[in-house]
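Breakdown of the fold
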Amino acid sequence: MINEKLLVKKAFEAQKRSYAPYSNFNVGAALLGTNGKIYEGCNIENAAFTPTNCAERTAFFKAVSEGQKEFSAIAIVGGKNGAKEDEAEYCAPCGVCRQVMMEFCNPKTFKVYLAKTEDDYIEYTLEEILPLGFSGKNLD
Ligand code: THU
């Protein structure tokens, strides 16, 4: 069972730690491992721009670097200056982050929750947001 409400709450907590002095677009992610652990991530920007890391990849790389490589779901929140509740939008993951999800997740079962508030979120599978995804299976 996925406690999606808890996952969304943790994504908002991670968003508070976003380091985004250049875009002021603050993103938080909470990634649920099949071990039951939640790995939080935020976007981390850089004055040279290209080293910037998205919140989703921060969460994945934290988890993988700690030995966890199987996942059930991720919750993502994002908005300019943290975005107040009344002007919040769903923040969809960028293409690079979708590809990182494809590396470690089953596209048919991995759930992606995009949240505006703790009560307002929508659910997708990875396959829905990355149709015809390329993975290691293509190289077998
Ligand atoms: N960003 C994320 O962290 N995740 C997304 O899904 C979209 C974009 C970050 C990257 C950059 O720090 C800022 O948002 C603006 O693109």
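Source: prediction; values computed, not measured.

What to know about the side chain of Asn43
Here Asn43 is to be found in the loop between β2 (38–42) and α2 (55–65). Looking at Asn43, the relative accessible area reads 5%, which means it is buried. A distance of 2.7 Å separates a polar atom in the side chain of Asn43 from a polar atom in the side chain of Ser18. Residue contacts for Asn43: discarding those within four places in its chain leaves Ser18, Tyr19, Ala20, Phe25, Asn26, Val27, Asn53, Cys54 and Ala55.

Quick word on the site of the ligand
For the ligand, the full set of nearby residues is Ser23, Phe25, Val27, Asn43, Glu45, Thr52, Cys54, Ala55, Glu56, Ala92, Pro93 and Cys94. In the environment of the ligand, an oxygen atom lies 2.5 Å from a nitrogen or oxygen atom belonging to the side chain of Glu45. A distance of 2.6 Å separates an oxygen atom of the ligand from a polar atom in the side chain of Glu56. When the ligand sits alone it has 370 Å² of accessible area, and the protein chains cover 78% of it. Contributions of two or more residues to the shell around the ligand are made by β1 (25–33) and α2. Residue classes in the shell around the ligand are distributed as seven nonpolar, three polar and two charged.

Description of the state of the cysteines
Using the criterion set out here, one finds zero disulfides in the structure. Take Cys42: it sits in no disulfide, and the sulfur closest to it among the cysteines is that of Cys54, at 11 Å. Cys105 carries a free sulfur, and the closest cysteine sulfur to it, the one in Cys97, is 12 Å from it.

Description of the sheet that holds strand β4 (residues 111–115)
Within the open sheet, the five strands sit side by side as β2-β1-β3-β4-β5. Their pairing is mixed. Looking at the sheet topology across the chains shown, the edges are occupied by β2 and β5 (121–125). For this sheet the average axis-to-axis angle between neighbouring strands, irrespective of direction, equals 20°. Relative to β4, strand β3 (residues 71–80) is paired through four bridges, and the arrangement is parallel. Residue pairing for β4: Ile74 is matched across the bridge by Val112. On the sheet, helix α1 (residues 4–15) packs against β1, β2, β3, β4 and β5 and is oriented at approximately 140° with respect to β1.

About the thresholds
- Residues numbered from 1 in each chain as written.
- Predicted model: local features only at pLDDT ≥ 70, side-chain atom pairs only at ≥ 80, totals over all residues.
- Heavy atoms only, no water.
- Helix = DSSP H or I, 4+ residues; strand = E, 2+ residues; numbered from the N terminus.
- Buried < 20%, exposed > 50% of the residue type's maximum accessible area, 1.4 Å probe, protein only.
- Polar contact = N/O pair within 3.5 Å; in protein donor to acceptor, adjacent residues only side chain to side chain.
- Contact = heavy atoms within 4.5 Å.
- Near = heavy atom within 4 Å.
- Areas by Shrake-Rupley, 256 points an atom, 1.4 Å probe, with all protein chains shown as cover.
- Nonpolar A, V, L, I, M, F, W, Y, C, P; charged D, E, K, R; others polar.
- Disulfide = S-S within 2.5 Å.
- Pairing = 2+ DSSP bridges.
- Axes fitted to C-alpha atoms, helices over the stretch in contact; angles between N-to-C directions.

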